[in-house]
Amino acid sequence: MTTLVIAEHDNAQLKGATLNAVAAAAKIGGDVHVLVAGANARAVADQAAAAAGVAKVLLADAPQLADGLAENVAAQVLAVASNYSHILFPATASGKNVAPRVAAKLDVAQISDIIGVESADTFLRPIYAGNAIATVQSADAVKVITVRTTGFDAVAAQGGSAAVEDVAAVADSGLSTFVGREVAKSDRPELAGARVVVSGGRGLGSAENFKILDPLADKLGAALGASRAAVDAGYAPNDWQVGQTGKIVAPQLYVAVGISGAIQHLAGMKDSKVIVAINKDAEAPIFGVADYGLVGDLFQVVPELTSAL
Ligand code: FAD
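All values derive from a computational prediction rather than experimental measurement. (Residues numbered from 1 in each chain as written. Predicted model: local features only at pLDDT ≥ 70, side-chain atom pairs only at ≥ 80, totals over all residues. Heavy atoms only, no water.)

Draft legend 1. Representation of the packing of aromatic side chains in the model. Summed over all chains, the structure comprises one aromatic pair. Ring geometry for Phe210 against Trp240: centres 6.1 Å apart, planes inclined by 40°, an arrangement best described as tilted. Within this pair, whereas Phe210 is found in helix H5 (residues 207-210), its partner Trp240 is found in the loop between helix H7 (228-232) and strand S13 (253-257), the two being separated by 30 residues in sequence. (Phe/Tyr/Trp six-rings, centres within 6.5 Å; stacked < 30°, edge-to-face > 60°. Helix = DSSP H or I, 4+ residues; strand = E, 2+ residues; numbered from the N terminus.)

Draft legend 2. View of unusual backbone geometry. In this structure, Asn11 is a non-glycine residue whose phi angle is positive, near 75°. Here Asn11 shows up in the loop between strand S1 (2-6) and helix H1 (16-28). Non-glycine residue Asp107 carries a positive phi angle of around 60°. Note that Asp107 resides in the loop between helix H4 (93-106) and strand S5 (111-114).

Draft legend 3. Structural context of helix H9 (residues 298-308). Every buried residue belonging to H9 is among Leu298, Val301, Val302 and Thr306, and all of these are buried. Mapping the buried residues of H9 onto a view down its axis gives an arc of 130°, with all of them on the same face. Exposed positions of H9 whose direction lies more than 90 degrees from the buried face are Ser307 and Ala308. Buried positions along H9 lie against helix H6 (213-220), S13, strand S14 (274-279) and strand S15 (292-295). By the N-cap criterion, in which a side-chain oxygen at the helix start approaches the backbone nitrogen of a residue two or three places on, H9 is capped by Asp297, the distance to Phe299 being 2.9 Å. (Buried < 20%, exposed > 50% of the residue type's maximum accessible area, 1.4 Å probe, protein only. Arc of directions from axis to C-beta. Contact = heavy atoms within 4.5 Å. Polar contact = N/O pair within 3.5 Å; in protein donor to acceptor, adjacent residues only side chain to side chain.)

Draft legend 4. Spotlight on the confidence of the model for the chain. The share of residues in the chain with pLDDT of 70 or more is 100%, and the mean pLDDT across the chain is 96. Confidence metrics for the complex model read pTM 0.88 and ipTM 0.99. (pLDDT = per-residue confidence, 0-100.)

Quick look at the structure:
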């Protein structure tokens, strides 16, 4: 039994989500290999080889793998798939783009968004926006799985000493072409992997008022998030949305400001280690999941909290 984890990277840096997927692979048991498909990506392969618990790294290095085109990456995974009992992807935008193609070509059922490993064929995954946890057992010969990264603590980035093996890159599928990429730039940590998140809701009232959260986030070294109501109202950018239809986060500290705590929002943050809620309505459902609740007007409380910090 050997598990292949598909690395997420930008050809220079291994993304943290890969280390969470390696942790899930380690729970399955057996050897853990990592596939790095990229261009000029040897540094990434070296980083993967240093991750704790990785036995071998496969490096497929070619220009047609530079931009993570799903058709080419899926073909690369399929080229080595026959050696593996399990193939794991982080449940990120790119992992979710490639995994279904691999599962379909192997004619197996994908197991999506796992948060726990019961045994080599049985996994836990949230359903109904996280209100129930399904235990799913797969009889497929190869298990193609996406891993909810917040469900598994990342393995250490250092400490391993796996060998890096070059594998032949697949030919360009010719099915898609990379045109360009617009990446949001921010000095703040990436929302999905941040240790601290400060999120604002409709209670902020406007995009201008939303800026009241900046100094608090600065003090805490936090990423900024938002409820869907705040995003829909134009107070915050789309990629800040936390929840069922946004990002799933589980930071050490989540500060919810002017957010009522609808189940669709809780689905994206309730696994945070410590939750702080600031809301003027003492009956707001967010207080049901909060470790610390502050009932008060955010426009008074947030500046006070920031200056106290
Ligand atoms: P509200 O519910 O309007 O709450 C605002 C809060 O601010 C209130 O509790 C109020 O007491 C408080 N407040 C107001 N003024 C102040 C003040 N001065 N000081 C302190 N507190 C104040 N939502 C998400 O967040 N993420 C999702 O991914 C998501 N996906 C969804 C998917 C579906 C299919 C559906 C149907 C809904 C989804 N929603 C999602 C929407 C969700 O149901 C709620 O509508 C939304 O989360 C509410 O956002 P909110 O808490 O900011 O706003």
